[in-house]
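Secondary and tertiary structure notes
Residue strings, one per chain:
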Amino acid sequence: MGKTHAAVTGVFGWVPEDKLTNFDLEKLVDTNDEWIRSRTGIEERRILRTPGWATSDMCAEAVKGLLEKTGTKPGEIDLLIVATVTGDMVFPDTANTVCDKVGAKNAFGFDLGAACSGFLFALSTGAQFVQAGTYKKVVVVGADMMSSIIDYTDRNTCVIFGDGAGAVLLEPCKDGNGVVDFVLRGDGAGRELLHMKAGGSLHPASNETVARREHYAWQDGKRVFVQAVKGMTGACDELMRRNHLTKEDVAWVVPHQANMRIITSVAEHLGFPMEKITVNIQKYGNTTAGTLPLCLWEYENQFKKGDNIILTAFGGGFTWGALLLKWAY
Ligand code: COA
């Protein structure tokens, strides 16, 4: 009997229908389609505008699709983790709301932060419960409604982010496929360069924090850019080295979709041709915790059983890492 791994046995994504194009943004801030395309690779993003809907609803849509596709009953889910920085409320955790909305009556759930690395951290966390034999069906969701924390007068951030959700099912697998290894890192000094300042215990919401526009995401884009390339490249390198993988052994790299120039730079540093890199940033922008599962969802048909897939991300915290997933179907 081989060792138990946590295999991804299904993936499903959900994005809102409403699009915010570069041309729409030209009407909101001093920018233009050419600048956004050439500096970020983004053409449009999805924005959740359904009245009364929030992050939990995007998660619920993704999870319902996942359960139907994998023939899983809601009552069979043991654990549901939601990676997000835009939960419906400060508390309770959005995962609890999602369990309620999809009818996962026998599950417990919790949220996990880690910003753009959220899905990577949540996937490795969920995998531990499966690998240890504690749970048989774990759902990991990455979702963010970034439009709820974006300042549409700030051209440094509003051109980048969008809304979306993706979910995977993790189940035990003994044929060597599944989550094999991961390298996860953090550096809290990075909080100065990428954050949403107010609304937490340090700066609770007040008239002043609202007037100072501190309830919006803020970043020093240039410095985040440099660290993102360094972080993702370093984590992938370490992961490949310690698993004795050459570039030829890796079928796909699934990078966080923050900026097309970050993606190509990481690919170049690692020596991967762009044909091995999943890219959908042009359609969705940066959906924070949503980017990795949305990429898995869109490229699922091109993956083959046994493919070595490296997921890598970098985000607020700073947080970053890389995870080796052997595709199971
Ligand atoms: N439209 C037009 N011009 C813009 C602009 C926009 N949307 N945003 C910035 N500019 C201007 C700047 O004001 C600057 O003008 P100046 O030279 O007259 O001062 C010029 O374009 C270059 O700005 P710079 O900040 O150097 O651009 P950049 O090439 O670094 O691109 C980001 C900006 C934000 C797209 C890029 O830094 C980035 O993607 N960073 C990483 C962000 C990220 O990944 N965040 C999420 C965490 S994972």
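The numbering scheme is per chain: residues are counted from 1 as the chain's sequence reads. In keeping with the model being predicted, local features are shown solely for residues with a pLDDT of at least 70 and side-chain atom pairs are shown and tallied solely at 80 or more, while totals for entire chains, interfaces and linings include all residues. Side-chain numbers come from the whole structure's heavy atoms, not from hydrogens or water.

1. Some words on the side chain of Asn259
Strands here mean DSSP runs of E at least two residues long; helices mean DSSP runs of H or I at least four residues long; both are numbered from the N terminus. Tracing the backbone shows Asn259 in the loop between strand E11 (252-255) and helix H9 (260-270). One polar contact links the side chain of Asn259 to the main-chain carbonyl oxygen of Arg39, over a distance of 3.0 Å. Those residues within four positions of Asn259 in sequence are excluded, and the remaining contacts are Arg39, Thr40, Phe225 and Ile281. Polar contacts, as counted here, are pairs of nitrogen or oxygen atoms within 3.5 Å of one another; within protein the pair requires one atom able to donate a hydrogen and one able to accept it, and residues that are adjacent in sequence qualify only if both atoms are side-chain atoms. In what follows, a contact means two residues having at least one pair of non-hydrogen atoms within 4.5 Å.

2. Considerations on the site of the ligand
Proximity is defined per residue: any heavy atom of the residue falling within 4 Å of a molecule or strand makes that residue near it. As a matter of local geometry, the ligand sits amid 24 residues, with Thr31, Arg39, Gln219, Lys222 and Asn259 nearest to it. Within the side chain of Arg155, a nitrogen or oxygen atom sits 2.8 Å from an oxygen atom of the ligand. Within the side chain of Arg261, one N or O atom sits 2.8 Å away from an oxygen atom of the ligand. Summarising the interface, the protein chains cover 75% of the accessible area of the ligand, which totals 950 Å² for the free molecule. Among the secondary structure elements, those contributing two or more residues to the shell around the ligand are helix H2 (33-40), helix H6 (155-158), helix H8 (221-242) and H9. Ranked by residue count, the leading element in the shell around the ligand is H8, at four residues. In this document the domain limits rely on a domain assignment from an automatic tool or a database. Structurally, the shell around the ligand is a two-domain feature, drawing no fewer than three residues from each of domain 1 (5-175) and domain 2 (180-326). Accessible surface area values rest on a Shrake-Rupley calculation with a 1.4 Å probe, where residue burial reflects the displayed protein chains alone.

3. With respect to the pattern of salt bridges
Opposite charge on two side chains permits pairing when their charged atoms draw close. A side-chain nitrogen of Lys or Arg and a carboxyl oxygen of Asp or Glu constitute a salt bridge if their distance falls within 4 Å. Taken as a whole and assessed by the stated rule, the structure comprises 17 salt bridges. Here Glu238 and Arg185 are joined by a salt bridge, their closest N and O atoms 3.1 Å apart. In this pair, Glu238 sits in helix H8 while Arg185 sits in strand E8 (residues 178-186), placing the two residues 53 residues apart along the sequence. We call a residue buried when its accessible area falls under 20% of the maximum for its residue type, exposed when it is over 50%, and partly exposed in between, using a 1.4 Å probe and counting protein chains only. For Glu238, a relative accessible area of 23% corresponds to the partly exposed category. A salt bridge links Glu298 to Lys283, with the shortest nitrogen-to-oxygen separation between them at 3.1 Å. Placement of Glu298 in helix H11 (residues 291-299) and of Lys283 in helix H10 (residues 281-284) is noted, with a sequence separation of 15 residues between them. With relative accessibility at 27%, the residue Glu298 sits in the partly exposed group. Beyond isolated ion pairs, a larger network of salt bridges with shared partners links Asp181, Arg185, Glu238 and Arg242.

4. Topic: the packing of aromatic side chains
To describe a pair of aromatic rings, you give the distance between the ring centres and the angle between the ring planes. Under the pairing criterion, centres of Phe, Tyr and Trp rings, with the six-membered ring standing for Trp, must be within 6.5 Å; the plane angle then separates stacked pairs below 30 degrees from edge-to-face pairs above 60, leaving the rest tilted. Throughout the structure, instances matching the rule amount to 11 aromatic pairs. Between the aromatic rings of Phe303 and Trp327, the centroid separation amounts to 4.8 Å while the plane-to-plane angle is 70°, which identifies the pairing as edge-to-face. Of this pair, Phe303 sits in the loop between H11 and strand E12 (308-315) while Trp327 sits in the segment after strand E13 (319-326), placing them 24 residues apart in sequence. Comparing Phe303 with Trp327 shows no difference in burial state: the two are buried. Among the aromatic residues, ring-to-ring pairing joins Trp252, Tyr299, Phe303, Trp327 and Tyr329 into one connected group.

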